[in-house]
Amino acid sequence: MDVLYTLLTVLVVLPLLGVVVNTFFIRQGRTAGLVASGVMVAAFVVTLVILVQLLGLAPEKRVVDVTLYNWIEAGPLHVPFGFLLDPLSMVMLLLITGVGTLIHIYSIGYMAHDARPVRYFVYLNLFVTSMLILVLANNYLVLFLGWEGVGLCSYLLIGSNFERKVAQDASLKAFVMNRIGDFGLMLAILGIYKHFGTLNFGAIFPRAAEVMGGQHINFIGGPIGLATAICFLMFIGVAGKSAQIPLFVWLPDAMAGPTPASALIHAATMVTSGVYLIARNHAIFALSPATSNFVATIGALTAFVAASAAIGQYDIKKVLAYSTVSQLGFMVAAAGLGAYTAALFHLLTHGIFKALLFLAAGAVIHGAHDVQDMRRMGGLKRAMPRTYWTYVFGALALSGIFPFAGFWSKDDIIGAAFHNYPETGTHPIIGVILIVSAGLTAFYMARQIALVFHGSQRDTSYHPHESEPTMTLPLVILAVGALIGGLINLPSFVPGIGEGLGRFFEPVFVGSDAIPFSPLLAGLTLVLALAMGYLGWQTYAHRTWKAKFRDPISRFIPAFEAFETAFGSDEYVQFFIRGFRATASFLSRIFDPLGIDGLVNGAARLVGLSGVGVGRGQSGYLRNYTLVFLVGAVAVIGYFGFAALR
Amino acid sequence: MTSLPILSLILWLPLVGALLMLVPLPARTAKIVALLASLAVFVVSLLLIPGIGLFNSHTAGLQLTETMAWIPSFGINYRLGIDGISLWLVMLTTFLTPLTILSTFESVSTRVRAFEAFMLMLETGMLGVFLAQDLFLFYIFWEFTLVPMYFLIGIWGGQRRIYATVKFFLYTFTGSVFMLLAIIVLGVVYGRSTSGQVNFDLQAVTKAIQANGLGLSQTTLRWLFLAFFAAFAIKVPMWPFHSWLPDAHTEAPTAGSVILAGVMLKLGAYGFLRFNLPLFPEATHFFAPAIGVLAVIGIIYGALVAFPQKDIKKLVAYSSVSHMGFVVLGIFALTPEGVHGAILQMVNHGLSTGALFLIVGFIYERRHTRDIEAFGGLWKVMPVYSFLSLVIILSSLGLPGLNGFVGEATIMFGTMKSAVLGWPFAAFGLTGVILAAVYLLWMFRKVMMGDVNQNTAAMRDVTRTELAILIPLIVLIIGIGLYASPFFRTMDPSIEALVGPGSKLVANR
């Protein structure tokens, strides 16, 4: 217990140390990168030690709740700054420090020519600190501290190139959209405090059914279940952070940030916090089948919409961004269905292979001298073979091709949709939507690989080159992970072997159903993925394109433009922005000066103080008022002074 | 009291400094003397710090009281005291004043001695408001604060300073007249119902009014509540009584704005806690939902109006309307959490908005404009300045880990739990947190992000003096944000007595 207390503290302090050292003492980019990566390596080692410690405990004892100090103690409100280590937070720690370390090392090479590398590494370390706090929190407010902390780092990293308008817009959009989500989460937290009188997970989840069961709150349309209200509000937070409908639009724009930051924040870790949040609160979500179904539906729809949008992108990173939104949809759907292990399994494998794809895309961009438009690429396989092969590994894993990691984890989710749950039944429609989305995934990845690496280079104004070893080594390591990552939770073909992750999670997700492996579903999905991948390959790999070509499928699918703009999703954002601007400008230009202040000045004029309202700066009036006041003050003070002496 | 009259020492020391300004010192020396005087006040006030100093965190009532007869024939006494409600506000005042005076080192060059004298007089006035425990004494300090601020804006202000300062004076003065009336009524009625002697002793009046309402009818008590409310609501300022604030802020010199936003706005919120709640429990309950509505409107309205402002100072001024809405909401939630949060948020707002006005002042000194469009790319030319500004902005928009969040979140917990307000108030109030991110980061984007232009290319980064001003503020912003318990704990007994389960406010509902 004491050992873990120290280890957890050290773990969180390490990246913070990197922040402090780099902020105050380091001015040189490469040194900053070494410092930042050094603390990450140390953090990863500490995480492994923590894992060993945790595994040393009996499965039912694997819950360590430690309080560092009392953060807020305001009357009845007690909020400790405390950590909770259990199998759920453990796997998140491994992902964050493991993938995080590789991305830090990769960044040293990637940021070598950047204008402000030191800042970048400060933000990256700060991000890791916040993310660790988020997953380790033992209460809602500390979780919220990490939750908004990662949002801040995301904002800073997206806005790294603040000279560019794109970066300015995207960073602000990301922060505000996240804040809208945070609004929901905070309101949920307030509600939980009101009904439980505490914010500590350990005191809330065991009593969830007892406190919330059958409770209703009055809403405009009539009473709604307390658990439903809380879960729904919490899901607004999930939609913001994990980029679900309708709040996903910030994530594609977030690609304005440096690519390794996208890999860490906008693919592997931060955006999955929503999934983590649902998993952490499974005891509450279990009380509201209505919300659970709603969450699963939104997740599936997001998976489909974003997968379609990915087909219509020309920017190498935007394809991956929409792909991430889509895959997050898979995870959210799984969490909504109650298949928490499947959600977390996919979260982990996706964290590996999507980080790989982003880093490899970064290597492409880096080696292609900042070209991001896939139409200007082509044939890059020859110049960057290592990047190419690792990219292919990532793509196969993402497309769910046997035996890569994504095959196993995606299949668990699809299996869950057809599983018969006691509370909510089977969800065949969700299952079909997910299978179709999986097919689209294979298509857009085949398209991307064909356009980027095969054929011949369409724009020859630049000379592509392979990246340095500090960048390709992390790619190779992650590619291995993309290949064998499924091992952590293989289906249990032989009793007692396999489903490692599921068994590890058993004490956390007590009573959550294990999803039996269905060879039929897995086979069907695999065949569809192979067919769609083949189709994509056939469409794009065998033709010579011009540098500014129009996508050939736009001739067959009239809706292609809808894909390109993700079904016009930015339009509704613009609609709200216009409304906001109009309201704000009406209030500030007309209502406030003429309405409210007009009344005030009018009243002043009415009582004869005409000079005040007009405001031409008449110094005569100042003198008059001063005089009146001074005379009055002297009279009053003199009177009382006199009375006192008497 | 035979021991050291520490509160009197803190209260009058600034005025001694102000008197020193009568000596015809050279400008630079005068500034140093003024700074030393205000630092001396701060050092003395440190003697109060709970745990190491004189303040006892475990008592609810007034401490370190001092009483002296002043005008016995009218029952007016010189009566000072401090408790958990006023402690941190006193500390805020003594902390902020030296920093503000330090800021005048680089920004004030005309009639320096008069300026510093007014600053120090203002400090005495504000401390008097927080310390006075006699209704009449309170009123005198309350009005007295207007005088130096009136001259600070009127003499050292911007182009429309006369309009702004007269408006400021008359508007707040008008509200106070109602309060004066109510104070006189209370003193006289108290006298009539007890010894026959008029008495303005706040504690005695509070005790009597809580016991039997001084024989006044419910309606009368409600009217008296409104009379106090008028004075305080204008000062906070609550929507829709806020329109003097943007004018006063834009025209005031930087130091004036810092004190105005940092401390003077808190006088109103403090007044609610010291007078409205304990004196009129029934009326408080009666009016709380309505006041809550005004507070929520203020939160949203202030944020919306802040966004399109072209003048950075005006933007910050409207943000105060929004932020002070949170404070009022917390107070009238009438829950311990709400009041805890409100008091801490007063301090937080003093630190972060004070700091915001300072950073605006710093770039105004360099370019003599506050037009948001004139800047851009400061993150490039003034990296240290921009970094510090970012921390301050994040504190103001309530980022967890910094002070603003702790205050606002605690207020929101109190609002949600409140029997008189409840979740709709929390939900609408929380939208202000989204909007705060919009207008503050919009400003950050316009001023710090983007590329440098002709106007900003040659701007130099923070000077040592500016750094010395901002560092203490940043330390507190982070310190309170990460470890708020010590601040809350000292308030606890007093708040418990005010709105806890056993208090008059809650027990007799």
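As the structure is a computational prediction, the values presented were derived from the model and not from experiment.

### Focus: the overall build of chain A
Helices and strands together make up the secondary structure of chain A, namely 26 helices and four strands. Its C-alpha radius of gyration of 28 Å places chain A within 12% of the 26 Å reference for a compact globule of 646 residues. Across its three principal directions, the C-alpha atoms of chain A cover 105 × 60 × 55 Å. Taking all 646 residues of chain A together, 57% fall into the buried category. Within chain A, contacts between residues at least 6 apart in sequence are counted, and of these 79% link residues at least 24 apart.

### Considerations on the overall build of chain B
Per the secondary structure count, chain B includes 21 helices and two strands. Against the globule reference of 23 Å for 509 residues, chain B gives a C-alpha radius of gyration of 22 Å, in line with a compact fold. Projected onto its principal axes, the C-alpha positions of chain B cover 75 × 55 × 45 Å. Taken over 509 residues, chain B has a buried fraction of 65%.

### Looking at the environment of B:Val188
The residue B:Val188 is located in helix H7 (residues 161–193) in this model. In this structure, the C-alpha to C-alpha distance between B:Val188 and B:Phe74, residues 114 residues apart in sequence, is 9.2 Å.

### What about the pairing of strand S4 (residues 222–225) of chain A?
Across four bridges, the pairing between strand S3 (residues 216–219) of chain A and S4(A) is antiparallel. Pairing of A:Asn218 across the sheet is with A:Pro223, part of S4(A).

### Describing helix H5 (residues 135–144) of chain B
Residue and element names in this part refer to chain B. Most of H5 sits out of view: eight of its ten residues are buried. Looking at H5, one finds that the buried residues are Leu135, Phe136, Leu137, Phe138, Tyr139, Phe141, Trp142 and Glu143. Elements that come into contact with the buried residues of H5 comprise strand S2 (76–82), helix H4 (112–131), helix H6 (146–156), H7, helix H8 (202–212) and helix H11 (254–279).

### Focus on the interface of chain A and chain B
The partner chain B presents 59 residues to the 53 residues of chain A that form the contact. The set of elements that each furnish at least two residues to the side of chain A that touches chain B consists of strand S1 (64–74), helix H5 (140–158), helix H6 (165–196), helix H24 (569–606) and helix H26 (619–645) of chain A. For the side of chain A that touches chain B, the element with the most residues is H6(A), which contributes 13 residues.

### Things to note about the packing of helix H9 (residues 226–241) of chain A against helix H14 (residues 289–311) of chain A
Residues and elements named next belong to chain A. Between H9 and H14, whose axes approach to 8 Å, the crossing angle comes to 20°. In terms of axis orientation, H9 runs roughly parallel to H14. Crossing angle aside, the handedness with which H9 passes H14 is right-handed. Taken together, the residues of H14 that come into contact with H9 (itself represented by Thr228, Cys231, Phe232 and Phe235) are Ala290, Thr291 and Val295. Among the residues forming the contact of H9 with H14, the class breakdown is five nonpolar, two polar and no charged.

### Concerning the packing of helix H3 (residues 87–110) of chain A against helix H16 (residues 340–367) of chain A
Residues and elements named next belong to chain A. Interhelical geometry of H3 versus H16 gives an angle of 5° and a closest axis separation of 11 Å. Our classification of the angle between H3 and H16 gives roughly parallel. Within the contact between the two elements, H3 uses Val91, Leu95, Val99, Ile103, Tyr106 and Tyr110 and H16 uses Leu344, Leu348, Gly351, Ile352, Ala355, Leu359, Gly362 and His366. Its residues placed into classes, the contact of H3 with H16 shows eleven nonpolar, three polar and no charged.

### Details of the environment of A:Ile217
Residue and element names in this part refer to chain A. Structurally, Ile217 is set in strand S3. Separated by eleven residues in sequence, Ile217 and Thr228 have C-alpha atoms that sit 9.9 Å apart. Setting aside chain neighbours within four positions, we find Ile217 in contact with Pro223, Ile224, Leu226 and Ala229.

### Some remarks on unusual backbone geometry
Cis geometry is found at the peptide bond from A:Ile245 to A:Pro246, where omega equals 5°. With respect to the helices and strands, the residue A:Pro246 is situated in the loop between H9 and helix H10 (250–253). Across the junction of B:Trp239 and B:Pro240, the peptide omega takes the value 5°, indicating a cis bond. Its place among the elements puts B:Pro240 in the loop between helix H9 (218–235) and helix H10 (244–251). You will see that A:Ala243, though not glycine, has its phi angle at about 55°, which is positive. Summarising the element assignment, A:Ala243 is placed in the loop between H9 and H10. Accessibility expressed as a C-beta count within 10 Å gives 31 for A:Ala243, which makes it buried.

### Topic: the confidence of the model for chain A
Here chain A averages 89 in pLDDT, and 93% of its residues register 70 or above. Low pLDDT, under 50, characterises residues 610–620 of chain A; the stretch is placed with 19 contacts to residues that sit more than four places away or in other chains.

### Comments concerning the environment of B:Leu441
Looking at where B:Leu441 falls in the secondary structure, it is placed in helix H18 (residues 423–447). What makes B:Leu441 buried here is the crowd of 24 C-beta atoms within 10 Å. Ignoring anything within four residues of it in the chain, the contact list for B:Leu441 reads A:Leu172 and A:Phe175.

### What to know about the confidence of the model for chain B
Per-residue pLDDT for chain B has a mean of 93; in total, 99% of the residues score no lower than 70. For this predicted complex, the interface score ipTM comes out at 0.94, while the overall pTM is 0.93.

Conventions adopted
- Residues numbered from 1 in each chain as written.
- Chains lettered and ligands numbered in written order.
- Predicted model: local features only at pLDDT ≥ 70, side-chain atom pairs only at ≥ 80, totals over all residues.
- Helix = DSSP H or I, 4+ residues; strand = E, 2+ residues; numbered from the N terminus.
- Rg over C-alpha atoms; globule rule 2.2 N^0.38 Å.
- Buried ≥ 20, exposed ≤ 12 C-beta atoms within 10 Å, placed from the backbone.
- Contact = placed C-beta atoms within 7 Å.
- Pairing = 2+ DSSP bridges.
- Axes fitted to C-alpha atoms, helices over the stretch in contact; angles between N-to-C directions.
- Parallel < 35°, antiparallel > 145°, perpendicular 65-115°, else oblique.
- Left-handed = near helix turned anticlockwise from the far one by under 90°.
- Nonpolar A, V, L, I, M, F, W, Y, C, P; charged D, E, K, R; others polar.
- pLDDT = per-residue confidence, 0-100.

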